[in-house]
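Listed here are the chains, written in short residue letters.
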Amino acid sequence: MSKADLIVGIQWGDEGKGKIVDKLAQEYDMVCRSQGGHNAGHTIWVDGVRYALHLVPSGILNPKAINVIGNGVVLNPESIIKEMVQFDDLEGRIFISDKAHLNLPYHSLIDQAREKLKGENAIGTTGKGIGPAYADKINRVGHRAEELKNPVQLCKNVMAYFKENKVIFDALDVAVPNEADLLEELKSYSEQLSKFITNTTNMVWDALDADKKVLLEGAQGTLLDIDHGTYPFVTSSSTVSAGACIGLGLSPKDIGIVTGIVKAYTTRVGNGPFPTEDFTDAGETMADVGKEVGTTTGRGRRCGWFDAVAVKHASRLNGCDQLSLMKLDVLDGFETIKICVAYEVNGETITYMPSDLTNVIPIYEDIKGWDSVVGCREFDQLPQTAKDYVIRIEELTNTKVGIISTSPEREDTIIL
Ligand code: GDP
Ligand code: IMO
Ligand code: MG
C-alpha cells in the first residue's frame with residue numbers, strides 16, 4: 001500500500017505550486033485537489049506554452065494521470081466547464097467528488113457585496129464566492145455536487161434556500177435568479193458535469209491500495225489558512241497539510257512526503273499584515289522581474305523579503321520533509337539580499353511567529369547577492385553566493401531544500 005505525497009504552499013499562496021505539481025506529476029498516477037476553489041490560479045509553462053488552471057488539478061498535463069477534485073473543494077460549475085474545454089477527452093481522466101460543495105453565482109455576488117460594504121476593512125478576496133460557499137457548507141445549507149445529477153430537485157432546493165435567506169439577499173442588495181433561468185443553468189451544468197461526479201474517496205483509497213503513486217496538490221498557502229493564517233485576512237479553507245486528509249477522505253497515516261513550496265522572497269495579494277513587505281525599489285524589482293500579477297484576478301502582488309521566521313513556523317505546521325525554493329532567478333542581480341531572521345514585537349526580539357503579525361517589525365540579516373541563476377538545472381551550476389543563500393534558508397527554517405526552481409519552465413528545476 002502506497003502513501004500520498006503532498007505539495008503545500010508555505011507563504012501567502014502563488015509560491016509556484018502549479019509548476020512543481022506539473023513537474024512531479026509526470027511520475028504520478030493520480031493528482032488530487034483537496035480544498036479551495038476557483039480562487040486558486042496555478043500557472044504552468046511547458047516548452048513556451050502557458051496553461052492557467054483554477055480548479056483542474058495541475059496533473060492534467062500528464063495524459064496518463066487521473067485528476068481528482070476532492071470533497072473539500074468548493075466547485076464552481078461554470079468555472080470548471082470553462083477550464084475543461086481546453087483539454088480533449090477528459091472522461092476517465094478527471095473525477096469530481098459527489099460530496100464537494102457547489103459554489104454558485106450567488107456566492108460571488110454575496111462575497112463582492114460584503115467586500116464593498118467593508119470598504120477599507122475589506123479582506124481583498126478574489127470575489128469568487130469562496131467564503132460564502134464554505135459558510136453555507138458549515139451552516140449545513142449548502143448544495144453538493146451529487147445534487148447536480150437531479151437539476152430539477154436542485155433547483156427547488158436552491159429556490160427554498162433563497163426564500164429562507166431572503167433577508168440577507170435583500171440587505172446586501174443581491175438579486176437572485178428567477179426559477180426558470182436557474183433551472184436552465186443547472187440543467188446545463190448537469191449535462192456537462194454529471195458524468196465526472198463520483199465517490200472519489202473510494203477511488204483514492206483504491207489507488208493507494210494498488211500501490212499507485214498519488215500526489216496531493218494544495219491551493220492557497222499556509223498563511224492564508226482559516227485557523228493558522230493571518231485571520232481575518234485569510235481564505236475560508238484549511239490550506240495546511242492536515243486539511244488535505246479531510247478534503248479527500250484520507251487518514252494522517254496515508255500521507256507520505258510533504259513538500260513545502262516557498263518563493264525565494266515573499267508575495268501577498270489582498271489585504272492583511274505582511275512584515276517583510278518592501279516598499280522600496282527592491283520590492284518593485286521583485287514585482288517586475290517576478291511578473292507578480294495574480295493569475296485569477298490580475299491584481300498586482302505585494303512583494304518583500306524571505307521571512308524565515310514565518311517559513312520555519314509553516315514548515316513545522318505542515319510537517320515538511322523538504323522545501324521547494326521557487327523563483328531564485330528573480331533575485332538575480334541584487335547586490336544584497338535580506339532574510340528576516342527574527343521579529344521585534346513591543347521592543348522584544350522573538351524568533352517564533354506570534355498569532356498576530358500586525359505590529360511585528362522584521363529583523364534582517366544581509367546576504368551577498370549573485371549575478372544569475374536563471375535556467376540552472378544542477379546545484380553545482382549555481383554561483384557560490386546563491387548556494388550560501390539556500391544553505392542559510394535551510395539552517396534558519398530547520399528544513400532541507402530538496403528542489404530549486406530557476407525559471408517558470410518545467411525543466412528549469414534542480415532536484416537535489
Ligand atoms: P501557484 O498558485 O502556487 O501555483 O503559483 P502561481 O502560478 O499563481 O504563481 C507563480 C508564478 O511564478 C507563475 O507565473 C509561474 O509561471 C512563475 N514561476 C514559477 N516558478 C518560477 C521560477 O522559478 N522562476 C520564475 N521566474 N517564475 C516562476
Ligand atoms: P493559489 O492557489 C494567493 C487570497 C485573496 C485574499 C484572501 C481571501 O493560486 O496560491 P478568497 O477569495 O479566498 O476568499 O480571498 O486569500 N487568496 C490567494 N492569494 N493565491 C491564492 O491561490 C489565493 N486564493 C485566495 O487574495 O487575500
Ligand atoms: Mg496562484
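Please refer to the structure higher up on the page.
A quick note: this is a predicted structure, and the numbers were derived from the prediction, not measured.

Here is what the cut-offs are and how they apply
Residues numbered from 1 in each chain as written. Chains lettered and ligands numbered in written order. Predicted model: local features only at pLDDT ≥ 70, side-chain atom pairs only at ≥ 80, totals over all residues. Heavy atoms only, no water. Donors = N, O, S within 2.8 Å, 3.2 Å for Na, K, Ca; no water. Helix = DSSP H or I, 4+ residues; strand = E, 2+ residues; numbered from the N terminus. Buried < 20%, exposed > 50% of the residue type's maximum accessible area, 1.4 Å probe, protein only. Near = heavy atom within 4 Å. Polar contact = N/O pair within 3.5 Å; in protein donor to acceptor, adjacent residues only side chain to side chain. Areas by Shrake-Rupley, 256 points an atom, 1.4 Å probe, with all protein chains shown as cover. Nonpolar A, V, L, I, M, F, W, Y, C, P; charged D, E, K, R; others polar. Core = buried A, V, L, I, M, F, W, Y, C linked by side-chain atoms within 4.5 Å.

*Asks:* Can you explain the coordination of the magnesium ion (ligand 3)? Please cite residues and give values.
*Replies:* All of the protein donors around the magnesium ion (ligand 3) are D14 (OD) and G41 (O); their distances to the metal are 2.0 to 2.1 Å. A residue pair is termed long-range when its members are at least 10 positions apart, and D14 in the loop between β1 (4–9) and α1 (17–25) and G41 in the loop between β2 (30–33) and β3 (42–46) qualify at 27 residues. Given the relative accessible area of 12%, G41 is considered buried.

*Asks:* Talk me through the site of ligand 2; I want residue IDs and the actual numbers.
*Replies:* Taken together, 19 residues are adjacent to ligand 2, and D14, K17, H42, T126 and T235 come closest. Here an oxygen atom of ligand 2 sits 2.9 Å away from a polar atom, N or O, in the side chain of R299. Out of a free accessible area of 550 Å², ligand 2 has 98% covered by protein chains. Looking at side-chain class alone, the shell around ligand 2 contains six nonpolar, ten polar and three charged residues.

*Asks:* Before we move on, could you go through unusual backbone geometry and cite the residues and values that matter?
*Replies:* With an omega of 5°, the peptide bond between Y231 and P232 qualifies as cis. Locating P232 in the fold gives a position in the loop between β10 (214–217) and α9 (241–246). For K291, which is not a glycine, the phi torsion comes out positive at approximately 50°. With respect to the helices and strands, the residue K291 is situated in the loop between α10 (281–289) and β13 (302–304). Phi angles above zero are rare outside glycine, and N398 is one such case at about 60°. Looking at the element boundaries, N398 is found in the loop between α12 (384–397) and β19 (401–405).

*Asks:* Break down the nonpolar core for me, citing the residues and quoting the values.
*Replies:* Counting residues in each nonpolar core, the largest one holds 53 residues, and the members touching the most others are V214, L216, F306, L325, L328 and Y389. Per-element accounting of this core gives the leading share, five residues, to α12. Membership of the second largest hydrophobic core comes to 38 residues, among which are V73, A145, L148 and L154.

*Asks:* Give me the lowdown on the site of ligand 1, citing residues and values where you can.
*Replies:* Ligand 1 sits among 20 residues. The nearest are K17, G41, T43, D329 and S405. G16 is positioned such that a nitrogen or oxygen atom in its backbone is 2.8 Å from an oxygen atom of ligand 1. Taking S405, its side chain carries an N or O atom lying 2.5 Å from an oxygen atom of ligand 1. Bound to the protein, ligand 1 loses 93% of the 580 Å² it would expose on its own. For the shell around ligand 1, the elements supplying multiple residues, two or more each, are α1 and β3.

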